[in-house]
Amino acid sequence: MEGNLQTSFIPKKSPSQVGVASKTGVNLVTLFAVIIFLVSIALAGTVFIYESYLSNNIKAMQNSFKLNEQAFNPESITAYSTLNARINVANTLLKNHVAVSNIFDLLEQATLKTVRFTDFNYSYINNTRLTIAMKGQATSYNAIAKQSDVFNADPMNKYIHNAIFANLDLDQSGNVVFSLNADVDPQQVLYRNNLPSQQDVTTNVAPQATVTSLPAASGTTTTTQQ
């Protein structure tokens, strides 16, 4: 009968040991779930409190804005805003306004008595370039040569550049007719650069005549009123 005896080397757990392991696993899951629940409640409470704080802060700012708005007359604010916009537009127009008369002052200062201009056109390309195109008469070719020297010498060449005389011919009276193309410094014709100085405005004294030395040439006009 000993041949029917079976022996097992695997230890067998008792029912009490199996129950203890299962109970420990359930307790850990429950504890983890409780912790997540408590954290969720804490976060929800924090969000609610912060939302209430923001809402109260917004209401306080709205009340403060209404009080400040009531301290001023809305109609006056609108009027001042409109006036400010008009002043800004006026300043922009004045800064960019081209005073063509200043070109005539330059030409008056530099034109010889033996030369006269009969036609004038200008093109304001941008704030860095302004061109003039003119036609005129001179008593001789020598007068045109001297006039060219005046335009191309100091100080006039600081204001009038690249003066080119072309299309020279004789008219029926024996005068030399010509055309002239040149560049003019745009800064010299901007209105803002030719305003009276603050001293002239406060003292109400007219600017004095200035004398500019030009190259020696017969009949050169050197004095001009600003």
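Everything below is about the structure printed above this text.
Rules and cut-offs
- Residues numbered from 1 in each chain as written.
- Predicted model: local features only at pLDDT ≥ 70, side-chain atom pairs only at ≥ 80, totals over all residues.
- Heavy atoms only, no water.
- Helix = DSSP H or I, 4+ residues; strand = E, 2+ residues; numbered from the N terminus.
- Polar contact = N/O pair within 3.5 Å; in protein donor to acceptor, adjacent residues only side chain to side chain.
- Contact = heavy atoms within 4.5 Å.
- Buried < 20%, exposed > 50% of the residue type's maximum accessible area, 1.4 Å probe, protein only.
- Arc of directions from axis to C-beta.
- Pairing = 2+ DSSP bridges.

Points about the side chain of serine 179
And step 1. Assignment of secondary structure puts serine 179 in strand 4 (residues 176-184).
And step 2. In terms of polar contacts, serine 179 uses its side chain to reach the side chain of asparagine 167, at 2.9 Å.
And step 3. Not counting chain neighbours up to four residues away, the residues in contact with serine 179 comprise Met134, Lys135, Ile164, Phe165, Ala166 and Asn167.

A closer look at helix 3 (residues 101-110)
And step 1. Taken residue by residue, helix 3 has Asn102, Ile103, Leu106, Leu107, Gln109 and Ala110 as its buried positions. Along the long axis of helix 3, the arc covered by the buried residues comes to 160°, so they all point the same way.

Re the pairing of strand 2 (residues 129-138)
And step 1. Across the 10 residues of strand 2, 7 count as buried, placing the element largely inside the fold.
And step 2. Both strand 1 (residues 115-126) and strand 2 contribute to a ladder of 10 bridges, which runs antiparallel. Counterpart to arginine 116 in the pairing with strand 2 is glutamine 137.
And step 3. By the bridge criterion, 9 bridges tie strand 2 to strand 4 in an arrangement that is antiparallel. Bridge pairing links methionine 134 to leucine 180 in strand 4.

Examining the pairing of strand 4
And step 1. Burial of strand 4 is extensive: 7 of the 9 residues sit out of reach of the surface.
And step 2. Adjacent in sequence and paired antiparallel, strand 3 (residues 160-170) and strand 4 are bridged by 5 residues, among which glycine 174 carries a positive phi angle near 90°.

Remarks on the environment of methionine 134
And step 1. When you line up the elements, methionine 134 lands in strand 2.
And step 2. Separated by 17 residues in the primary sequence, methionine 134 and phenylalanine 117 place their C-alpha atoms 6.8 Å from one another.
And step 3. Aside from chain neighbours lying at most four places away, what touches methionine 134 is Leu107, Phe117, Asp119, Phe120, Phe178, Ser179 and Leu180.

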